[in-house]
Amino acid sequence: MSDPMTTEKFAVGQSVRRREDPRLIQGDGRYSDDVNLPRQAYAVIVRSPHAHALIRAIDGSAALKADGVLAVLTGNELAAAGVGNLPTDTTRKRRDGSAAFATPRPALARGRARHVGDPVALVVADTAVQAADAAEQVIVDYEPLPVVTGAREALRAGAPAVWDEAPDNVAFVWEAGNRDAVARAFEGAAHVTKLDFVVTRVAAAPLEPRAAVGEYDRRTGRYTLYTGTQHPHGTRTLLADQVFRVPQSHLRVVTGEVGGSFGMRSGIYPELVLVLWAAKRLGRPVKWTSSRREGLVTDEAGRDNVSTAELALDADGKFLALRVAIGLNIGAYLTPRSAGPGTNNVGGVAGVYTTPAIHVQTTGIFTNTTVTGPYRGAGRPEATYAIERVIDLAARELSIDPVELRRRNMIPATAMPFKTGLVFTYDCGDFARGFEMALKLADHAAFKSRRDAARARGKLRGLGIANPIEVAGGPYTALNPDTAEVRVNPDGSVTVFTGSTSMGQGNETAFAQIVSDRLGVPPERIQVLWGDSDALSAGRGNGGSGALSVGGSAVTRATEKVIERGRRIAAHLMEAAHQDVVWRDARFTVAGTDRGVTLAAVARAAYVPKQLPPGLEPGLSETASFAPPAVTFPNGTQVCEVEIDVETGEVRVVRHTVVDDVGRMVNPMLVKGQIHGGIVQGLGQGLFEVLAYDDETGQLLTGSFMDYAMPRADDVPSFEVDSHEVPTQTNPLGAKGVGEAGTVGALPALMNAINDALAPLGVRHLDMPVTPARVWRAIRDARASG
């Protein structure tokens, strides 16, 4: 039976099956927990059971006497060893413009624990079972303190202070836009719609829990960390520069397969520091693997904001101004990733509309909860939710069809490039075309008949629309640029080293398609490697939907340099002028003749010095970097239909339609897969998911999958997905990014659909998650009020 990979057309634009799937499906992937080194010891972390408490004393003497125990370590030993704190954010400001408090965060808490799960001590033993048993014998003397878990509650007068240095619990204040212009527009508006809303806290809950193996080579003084991370080079830089204070040459980070991240694995966690420190201290590799319960109280959470959106309109329904205030719950510590979702990506609140004046203010708020950070969309779904939800409310208040209201205010394609009222300038896009395509695909015209049929069955049916636009793949300082090396080996096979990592998106397939398309090499002769900070001098990693638009562009540039180098070698072999040799149909030919040589022939010659032109070093390998000159703007339309059982409050998503513009698609099948996954995560947050804390104790109430509900296959319908390509000019591939697109639009489309279904009963707005109990209560209350 032939290999399907060799029978498919393997080129850019083709829906090629993923190369990585066979090994992953058969259990041959190599994840962090699969790494085992000789003489490896195992670590277990003693964590605070209190959300807020003074740490009076730690007694590890009994644990140290237990079988197999090698060490019981605390924050005091960590400090004495000169190990630095985890990175914080020193760029933020308070409301008065003074510097925000940059929270110190040692890998093991000293003096005070500030959330359930804060690491307090490290136990290392010969086996994982011995370490776990010994950890239970560590005695910590705590003095519990008052707690606060919600953003609104944390800002109230007299609320417990998470940090004495920030008694009002305000971590930072950030704003963008023209405050005065917005105020003037509101004063002259014919109508103003105001909405207070909540975007809940959710868990990334990847298939693979976090894990790390630390190794220290005393001969070279070099650390090696094996862990699943989105940014191997960035992790190396932060650990070397800020934590261990060693040259970057003395720290290596290796990432293999990663079973999902969604932004959660983008930063420095205490455990990464601890396994490296313990490995050096003990002279043995040290391994730590998170349990699922442990992950839910320590993995960076996502979203969690309470916000207000206000939309000003004129008498004709034209948008005059938009004002948004965001209260962002960042948890107990200010990290380099805390502010990003509430600052970097809120430009998307402008949507695809012509609103001339916009102002956004984001207030970061400390609470006694796990820190928050980027989670698939990282502020984009929240921004889209704000504009799209308030549009639907305005349409209802003005008795205008929500579709018509959006049409009146949509940016026309002829206006590109378009400077929005907030932050961004859109380089390209045909929003109206995608909007109309989605309405047709969703059969919007026949929705009334479907609603009537549902009513006859005792169901409420609603339809929701969202027009998401997001920022992607841009020149963010911490992620820029990306690097790739394309090496044509002497036998003509190709090895590709990329600075972009893969979290399961299919990058290995996409990068191989680019190389195969550009160099004409069969896919089975292309190897794609990533995840080793030693392999390349620099790498962007993976984040912000930029792996293809930035990383793929670096691969493209490297193939171009390989072709140029190959032209010089081919010209020498054919005794022709360099400028007369062209690359066409996977051959180097002399223009105007039938003389030519293959890439394989050039590759063989490239490693034989006497066959090379004077001054050219042996080899056919090139490295290239790509720094995007500007961000890209994936956009689209999502249409969601739901049915609600009025007796039980159960919500069923019965139809979901998407039309996206993600620029030029390298692999449409991968695009569709990313959109499918993104939709499910967006629907999951709206329907079920919430990390809920007890207000009095700060204990996580949804600390296992028995309580933290996520969508299953039978909770969602088959999706209708189509695309229209409007290539960007900001990168050589014309790609805009797709990793977060599905999530950005799904959440607001779903919530608009649910509120549309409930609106005939008099329900103005229902917050997420729309659990059956919450929906049933809203229906009951609406009926009781008449």
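The structure displayed is predicted, hence computed values, not measured ones.

Asks: Honestly, the overall build of the chain in this entry has me stumped. Any pointers?
Replies: When helices and strands are tallied, the chain shows 21 helices and 28 strands. Its C-alpha atoms give the chain a radius of gyration of 28 Å, near enough to 28 Å, the size a compact globule of 786 residues would have. Taken across its 786 residues, the chain has 61% of its residues classed as buried. Partitioning the contacts of the chain with sequence separation of at least 6, the portion at a separation of at least 24 is 79%. In the structure as shown, the chain presents an accessible area of about 29500 Å², 51% of it carried by carbon and sulfur atoms. Side-chain charges in the chain split into 84 positive and 88 negative, and the spacing between the mean points of these groups amounts to 2 Å.

Asks: What am I meant to see in the sheet that holds strand β2 (residues 53-59) here?
Replies: Two modes of strand pairing occur in sheets, parallel and antiparallel, and in both the strands are linked by backbone hydrogen bonds. Ordered in space as β4-β2-β6, the 3 strands form an open sheet in which the pairing is antiparallel. Both outer strands of the open sheet, β4 (112-113) and β6 (139-144), are each paired with one neighbouring strand and no more. Two strands pair when backbone bridges link them, and β2 and β4 are joined in this way by 2 bridges, in the antiparallel orientation. Directly across from L54, in β4, lies its bridge partner R112.

Asks: I would appreciate a short explanation of the packing of helix α19 (residues 668-687) against helix α20 (residues 741-758) in the present structure.
Replies: Two measures define how a pair of helices packs: the angle their axes make with one another and the distance between the axes. Packing of α19 against α20 leaves a shortest axis separation of 7 Å and a crossing angle of 40°. Taken together, the axes of α19 and α20 lie oblique to each other. Crossing hand, α19 versus α20: right-handed. Facing I675, G678, I679, Q681, G682, L683, Q685, G686 and L687 of α19, the residues of α20 in contact are G742, T743, A746, L747, L750 and M751. A breakdown of the residues in the contact of α19 with α20 according to their chemical character gives 8 nonpolar, 7 polar and no charged.

Asks: I'm lost on the layout of surface pockets in this one. Help?
Replies: One simple way to see leftover space: roll a probe sized like a water molecule over the atoms. Considering only enclosed or pocket space, the second largest pocket measures out at about 610 Å³ in volume. Those elements that provide at least two residues to the lining of the second largest pocket are α6 (151-154), β8 (191-202) and β13 (302-313). Counting residues per element, the lining of the second largest pocket draws most heavily on β8, which supplies 4 residues. Class assignment for the residues of the lining of the second largest pocket results in 11 nonpolar, 6 polar and 7 charged.

Asks: How should I be thinking about the pairing of strand β14 (residues 319-331) in this particular structure?
Replies: As a general feature of sheets, a regular strand has side chains that alternate between the two faces. A large share of β14 lies buried, amounting to 10 of its 13 residues. The pairing of β13 with β14 spans 9 bridges and is antiparallel. Residue pairing in the sheet places L313 in a bridge with F319 of β14. Pairing analysis gives 10 bridges linking β14 to strand β15 (residues 357-366), with the strands arranged parallel. Its bridge partner being in β15, I326 is matched across the sheet by T362.

Asks: Would you mind showing me how to read helix α7 (residues 179-187) here?
Replies: Helical periodicity: at 3.6 residues per turn, an α-helix aligns residues three or four positions apart in one direction. For α7, the set of buried residues is A181, V182, A185 and F186. Seen end-on, α7 carries its buried residues on one side only, within an arc spanning 135°. Among the exposed residues of α7, those oriented more than 90 degrees off its buried face are D180, R184 and E187. Those residues of α7 hidden inside the fold are in contact with β8, β13, β14 and β15. Measuring from the backbone nitrogen of D180 back to the side-chain oxygen at the start of α7 gives 3.3 Å, which picks out N178 as the cap.

Asks: How do you make sense of helix α15 (residues 447-456) when you look at a structure like this?
Replies: Restricting attention to buried positions, one finds in α15 the residues F447, R450, R451 and A454. The arc enclosing the buried residues of α15, seen along the axis, measures out at 100°, which places them on a common side. In α15, the exposed positions angled more than 90 degrees off the buried face are occupied by K448 and A456. Considering only its buried residues, α15 is in contact with β18 (459-466), β26 (635-645), β27 (651-661) and α20.

Asks: Would you mind going over the pairing of strand β5 (residues 119-125) with me for this structure?
Replies: Taking burial as the measure, the 7 residues of β5 include 7 buried ones, the bulk of the element. The pairing of strand β1 (residues 41-47) with β5 spans 6 bridges and is classified as antiparallel. Each residue of the ladder has a partner; that of A43, found in β5, is V124. The pairing of strand β3 (residues 69-74) with β5 spans 5 bridges and is antiparallel. Counted as the bridge partner of V72 is V123 from β5.

Asks: Would you mind going over the pattern of salt bridges with me for this structure?
Replies: Once the charged atoms of two side chains with opposite charge are near each other, the side chains can pair. A complete count under the given rule lists 53 salt bridges for this structure. Across the salt bridge formed by D392 and R406, the nearest N and O atoms sit 2.8 Å from each other. Taken together, the residues span a long stretch of sequence, with D392 in helix α12 (residues 380-398) and R406 in helix α13 (residues 402-409) at a distance of 14 residues. For the pair D392 and R406, one class covers both residues: buried. The network of salt bridges with shared partners includes D443, R450, R457, R461, E641 and E643.

Asks: Looking at this structure, how should I read the packing of helix α16 (residues 507-519) against helix α17 (residues 547-573)?
Replies: Relative orientation of the contacting elements α16 and α17 amounts to 30°, with a least axis distance of 10 Å. Taken together, the axes of α16 and α17 lie roughly parallel to each other. As α16 runs across α17, the sense of the crossing is right-handed. Contact residues: N507, A510, F511, I514, V515, R518 and L519 in α16; A547, L548, G551, G552, V555, T556, T559, V562 and I563 in α17.

Asks: What am I meant to see in the packing of aromatic side chains here?
Replies: In this description, a pair of aromatic rings is defined by centroid distance and the angle of the planes. All chains considered together, the criterion is met by 10 aromatic pairs. The interplanar angle of 55° and the centroid separation of 4.8 Å between the aromatic rings of Y216 and Y223 together place this pair among those described as tilted. Take Y216 and Y223: they sit in the same class, and that class is buried. In this structure an aromatic cluster arises from ring pairing among F424, Y426, F431 and F633. Directly above the ring of Y269 sits R210, whose terminal nitrogen or CZ lies 3.8 Å from the centroid.

Asks: Looking at this structure, how should I read unusual backbone geometry?
Replies: A negative phi angle is the norm for most residues apart from glycine, just as the trans form is the norm for most peptide bonds. M416 connects to P417 through a cis peptide bond whose omega is -5°. With respect to the helices and strands, P417 occurs in the loop between α13 and β16 (418-419). Geometrically, the link from M768 to P769 is a cis peptide bond, its omega value of -10° lying close to zero. Among the secondary structure elements, P769 is positioned in the loop between α20 and α21 (772-784). At S399, a position not held by glycine, the phi torsion is positive, near 55°. Summarising the element assignment, S399 is placed in the loop between α12 and α13.

Calculation notes
Residues numbered from 1 in each chain as written. Predicted model: local features only at pLDDT ≥ 70, side-chain atom pairs only at ≥ 80, totals over all residues. Heavy atoms only, no water. Helix = DSSP H or I, 4+ residues; strand = E, 2+ residues; numbered from the N terminus. Rg over C-alpha atoms; globule rule 2.2 N^0.38 Å. Buried < 20%, exposed > 50% of the residue type's maximum accessible area, 1.4 Å probe, protein only. Contact = heavy atoms within 4.5 Å. Areas by Shrake-Rupley, 256 points an atom, 1.4 Å probe, with all protein chains shown as cover. Lys, Arg positive; Asp, Glu negative; His and termini not counted. Charge placed at Lys NZ, Arg CZ, Asp CG, Glu CD. Pairing = 2+ DSSP bridges. Axes fitted to C-alpha atoms, helices over the stretch in contact; angles between N-to-C directions. Parallel < 35°, antiparallel > 145°, perpendicular 65-115°, else oblique. Left-handed = near helix turned anticlockwise from the far one by under 90°. Nonpolar A, V, L, I, M, F, W, Y, C, P; charged D, E, K, R; others polar. 1 Å grid on protein atoms, 1.4 Å probe; cavity = no way out; pocket = protein on both sides within 12 Å on 5 of 7 lines; lining within 4 Å. Points joined across faces, edges and corners; volume = space filled by probe spheres on them. Arc of directions from axis to C-beta. Polar contact = N/O pair within 3.5 Å; in protein donor to acceptor, adjacent residues only side chain to side chain. Salt bridge = Lys/Arg side-chain N within 4 Å of Asp/Glu carboxyl O. Phe/Tyr/Trp six-rings, centres within 6.5 Å; stacked < 30°, edge-to-face > 60°. Lys NZ or Arg CZ within 6 Å of the ring centre and 35° of its normal.

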